[in-house]
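# Survey of secondary and tertiary structure
Here are the chains, one letter per residue:
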Amino acid sequence: NLKSISEINLAHNKLSGSIPISLGNLSNLALLYLFDNSLSGSIPSALGNLKSLLYLHFFNNQFSGSIPLSLCNLSNLAELHLSKNSLSGSIPPFQGNVKSLLNLGFCMNHLSGAIPPSVGNFTNLKGLYLYSNSLSGSVPGEIGNLMQLTNLEIDNNQLFGQIPRSLRNLASLNRVHLEQNHLTGNISEVFGIYPNLTFLDISHNNFYGEIWSSWGKCQQLGTLNFSMNNITGSIPPEIGKLYQLHKLDFSLNQIVGEIPIELGNLKSLNYLVLNGNKLSGNLPRVLGSLSELEYLDLSTNKLSGSIPETLGNLLKVHYLNLSNNQFRKEFPVELEKLVQLSELDLSHNFLGGEIPPQICNLESLEKLNVSHNNLSGLIPSCFDGMHGLSCIDISYNELRGLIPNSTGFQYDPIQALRGNRGLCGDVEGFQSCKAFVSQKHVFENKWFLIIFPILGVFALLFFVIGIIFGRTKRTSKENKGSCVNHRGLLSILTFEGKIVYEEIIRATKNFDAEQCIGIGGQASVYRGELPSGEVVAVKKFHSVLLSEISVQREFLNEIKALTEIRHRNIVKFYGFCSHPRHSFLVYECLERGSLAEILSNDGSIKEFSWIVRMNVIKSVANALSYMHHDCFPPIVHRDISSKNVLLSSEYEARVSDFGIAKFLKPGSSNWTEFAGTFGYVAPELAYTMKVTEKCDVYSFGVLAFSEGLLIIELNY
């Protein structure tokens, strides 16, 4: 009955129960604060009668039900906060009569449906908080009308589709949260230059494109997070102009190139995460000047060279991960200065030398992983005194001697120490050092009984090889048809004994563009017809790239795989050639091309019936079953995708492209670098780097469902 009352503030209490409908009679009420209580029930629609209301704050209660449509009538409302409740249903379609609204908060509820385009009517809106709901659909283009918007927080929903380009125009933006959705768009096109932007997080989405150099003009940025997207290209040096940056996270993308030295200018940086990309080159020494850095993760890249000693200057760092790279030389002694370091991971590199005893100066160290390197010598005995060190992994090195009595080995000593043949001690699964020394003494007394016969065998073997080589050399000079002598071939296999290098050149018309039927990043595929009428596919590696170790490895790996397997659902391999001018592989030619080409062609897909699709699925499954269970060692393809499934004229599928296939070693962890086609790769591979047959099974599932090859009818 208090009709003249203008403010009610009952916040920060322990009120429970529901809101009385009679509150709707307070026609002069301008402020209603009930937040931080335990109120429940639904929000009364009678509150829509409060025409004078400016501030309505009900957040952090237990309200349920839907948001009343009557709230759309509050034309003078400046702030509406209903966050952190259990509200459900959709967001009401405000129809332009609430233009005075400055802040709208519906976050941390159970709201569903789309963001209504009518939010574009709130032309004075400064804050839009819709995060942590179940909102779906696309972000409406009308959001570009909110020229006063400073805070846009719509993360942790199920939004999808392209981000509207009108977002480029919102120059007043200060904080932007888009993470944990299914949004997409080219990041160099949908975002603009925001002089006041301090926070941007677009992680866990499907954004693509290259990192725009103009991000360096957003001088106020404190957090920049692009992680877990499909971003390519290199890191622009202009990022080094973001002098206010505290957190930089570009992890789990497809970024290439070197880490720019300009990142050394980011003196305020606390958090630098670039793991799970394809970065290469040496680690810049200037990173050691980032004196405020606390967290550094550069793992799972292709970084090489030595670990710079300047990293010992990062006195505040508590997490350092350089694993799964190609670092060489010795363990950097300078890391002993990192007294705040609690976790150090240098595993899966090529580090040599000994583990320096200075590592025991890391008083805060709790976890140490230097496994899968080339470390030798003794394990530092001072590990005994590092009582805070709870987890150590030094497996798969060349370490020897006594295993220290460290708490870090007590959890799973076999896993932590395996792969080092020279270790001994009172640890389960290892010999005692007394027995080890005894065996060594026996071996030293009898070594000559073993070595002398072996040396005799080798001497005889070299003598026989010398005679054979001499005769072969004389014969090759007399034989004008020798490929090695007259054509510069390093090696060649033949198809029915008739194909030589020149025939492939003629069949492909010297690799003419007209014969090209496919182009990839490392090779092109050409169609060639031999004099016998046989049609073959010739995969020619780009000569510019063949000098790279990774490409050479792929070339040789594919030869190794295809010469050891035979199956009707695996592409037939005829031969290979490594030549100064051209290096190529020769396969059978499948008339209908790849599955990806058929699924993208409207004409071809009409003939692609469900029976045909099921046959394709069965064929791929048969090929995988053969590789995983009938081959020894088992073979994991690692790149099962629609582009690597070829089809014959009868739509019989063949698995192709074994360039990154992995032969599993029994009893080994089978660690590997991240490889495969994005979207098909098993997500756990990005974190564990451990390859198993399950990686192919996941890719097979993606192939079956995402490409529309298989549909399961669910009956409820």
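- If you check an unreviewed UniProt entry, the protein appears there as non-specific serine/threonine protein kinase from Citrus unshiu.
- In its Subcellular location (unreviewed entry) section, UniProt records this for the protein: "Membrane".

### Some points on the overall build of the protein
- Assigned secondary structure in the protein consists of 12 helices and 44 strands.
- In the protein, of all internal contacts separated by at least 6 residues, the share reaching a separation of at least 24 is 48%.
- Accessible area of the protein: about 34100 Å², with a carbon and sulfur share of 53%.

### Some thoughts on the pairing of strand β24 (residues 278-282)
- The pairing of strand β22 (residues 256-257) with β24 spans two bridges and is classified as parallel. Within β24, the residue paired with glycine 257 across the bridge is leucine 279.
- The pairing of β24 with strand β26 (residues 302-306) spans three bridges and is parallel. Residue pairing in the sheet places asparagine 282 in a bridge with serine 304 of β26.

### Here's the deal with the confidence of the model for the protein
- When the pLDDT values of the protein are averaged, the result is 83; 84% of them are 70 or greater.
- Counting contacts from residues 711-716, a segment whose pLDDT is below 50, to residues more than four positions away or on other chains yields two contacts.

### Considering the sheet that holds strand β31 (residues 376-378)
- With parallel pairing, three strands are arranged side by side in an open sheet as β31-β33-β34. For this open sheet the edge positions go to β31 and β34 (422-424), each flanked by a neighbour on one side alone. Strand after strand, the sheet turns through a mean of 25° between neighbouring axes, direction not considered.
- Across three bridges, the pairing between β31 and strand β33 (residues 398-402) is parallel. Within β33, the residue paired with glycine 377 across the bridge is leucine 399.

### Some remarks on the pattern of salt bridges
- The tally for this structure, following the rule as stated, stands at nine salt bridges.
- As a salt-bridge pair, glutamate 153 and arginine 175 come within 4.0 Å of each other at their nearest N and O atoms. Placement of glutamate 153 in strand β13 (residues 151-153) and of arginine 175 in strand β15 (residues 175-177) is noted, with a sequence separation of 22 residues between them.
- A salt bridge links glutamate 292 to lysine 316; the nearest nitrogen and oxygen atoms lie 2.8 Å apart. One end of the pair, glutamate 292, is in the loop between β24 and β25 (295-297); the other, lysine 316, is in the loop between β26 and β27 (319-321), and 24 residues separate them in sequence.
- When its relative accessible area of 29% is taken as the criterion, glutamate 292 is described as partly exposed.
- The class for lysine 316 is partly exposed, based on a relative accessible area of 40%.

### Brief notes about the packing of aromatic side chains
- In this structure the tally under the stated criterion is 12 aromatic pairs.
- Measuring from ring centre to ring centre gives 4.7 Å for tyrosine 271 and tyrosine 295, while their planes differ by 15°; the resulting arrangement is stacked. Here tyrosine 295 lies in strand β25 and tyrosine 271 lies in strand β23 (residues 271-273), a separation of 24 residues in the sequence.
- With relative accessibility at 24%, the residue tyrosine 271 sits in the partly exposed group.
- When its relative accessible area of 22% is taken as the criterion, tyrosine 295 is described as partly exposed.

### Examining unusual backbone geometry
- Of note, the phi angle at histidine 12 is positive, near 60°, even though the residue is not glycine.
- When its relative accessible area of 57% is taken as the criterion, histidine 12 is described as exposed.
- If you check the backbone angles, glutamine 180 has positive phi at about 60° while not being a glycine.
- Examined against the element boundaries, glutamine 180 turns out to sit in the loop between β15 and β16 (182-186).

### What about the state of the cysteines?
- By the definition in use, this model includes two disulfides.
- Assigning the bonded cysteines of the protein consecutive numbers by sequence position, one obtains the connectivity 1-2, 3-4.

### Here's the deal with the side chain of serine 406
- Following the sequence through the fold, serine 406 ends up in the loop between β33 and α2 (413-417).
- Every residue in contact with serine 406, bar those within four places of it in the chain, is listed here: Phe383, Asp384 and Ile392.

### Section: helix α10 (residues 610-630)
- Between its first and last C-alpha, α10 extends 29 Å over 21 residues, near the 30 Å set by a 1.5 Å rise per residue.
- Within α10, burial applies to Val612, Arg613, Val616, Ile617, Ser619, Val620, Ala623, Leu624, Tyr626, Met627 and His628.

### Here's the deal with the sheet that holds strand β12 (residues 134-137)
- Across the sheet, which stays open at both edges, the 10 strands sit in the order β2-β4-β6-β8-β10-β12-β14-β16-β18-β20 with parallel pairing between neighbours. Edge strands, defined here as strands with exactly one partner in the open sheet, are β2 (16-17) and β20 (230-232).
- As defined by bridge partners, β2 adjoins strand β4 (residues 38-41) across two bridges and the pair is classed as parallel. The partner of glycine 17 across the bridge, within β4, is leucine 39.

### Remarks on the environment of aspartate 696
- As for its position among the elements, aspartate 696 is in helix α12 (residues 693-706).
- Taking the relative accessible area as the measure of exposure, aspartate 696 reaches 0% and is therefore buried.
- With residues up to four places along the chain from it excluded, the contact list for aspartate 696 reads Leu624, His628, Ile635, Val636, His637, Arg638 and Ile640.
- At 3.0 Å, the side chain of aspartate 696 forms a polar contact with the side chain of histidine 628.

### A word on the environment of glycine 89
- In this fold, glycine 89 is placed in strand β8 (residues 86-89).
- Aside from chain neighbours lying at most four places away, what touches glycine 89 is His110, Leu111 and Ser112.

### Here we look at the environment of cysteine 695
- By the secondary structure assignment, cysteine 695 is in helix α12.
- Separated by 15 residues in sequence, cysteine 695 and tyrosine 680 have C-alpha atoms that sit 9.1 Å apart.

### Observations concerning the pairing of strand β10 (residues 110-113)
- Bridge count for β8 against β10 is two bridges, and the pairing is parallel. Pairing of serine 88 across the sheet is with histidine 110, part of β10.
- Relative to β12, β10 runs parallel, the two being bridged by two bridges. Within the sheet, the bridge partner assigned to serine 112 lies in β12 and is serine 134.

Conventions and cut-offs
- Residues numbered from 1 in each chain as written.
- Predicted model: local features only at pLDDT ≥ 70, side-chain atom pairs only at ≥ 80, totals over all residues.
- Heavy atoms only, no water.
- UniProt positions renumbered as here; feature names shortened; annotations may be inferred.
- Helix = DSSP H or I, 4+ residues; strand = E, 2+ residues; numbered from the N terminus.
- Contact = heavy atoms within 4.5 Å.
- Areas by Shrake-Rupley, 256 points an atom, 1.4 Å probe, with all protein chains shown as cover.
- Pairing = 2+ DSSP bridges.
- pLDDT = per-residue confidence, 0-100.
- Axes fitted to C-alpha atoms, helices over the stretch in contact; angles between N-to-C directions.
- Salt bridge = Lys/Arg side-chain N within 4 Å of Asp/Glu carboxyl O.
- Buried < 20%, exposed > 50% of the residue type's maximum accessible area, 1.4 Å probe, protein only.
- Phe/Tyr/Trp six-rings, centres within 6.5 Å; stacked < 30°, edge-to-face > 60°.
- Disulfide = S-S within 2.5 Å.
- Expected span 1.5 Å × (residues − 1).
- Polar contact = N/O pair within 3.5 Å; in protein donor to acceptor, adjacent residues only side chain to side chain.

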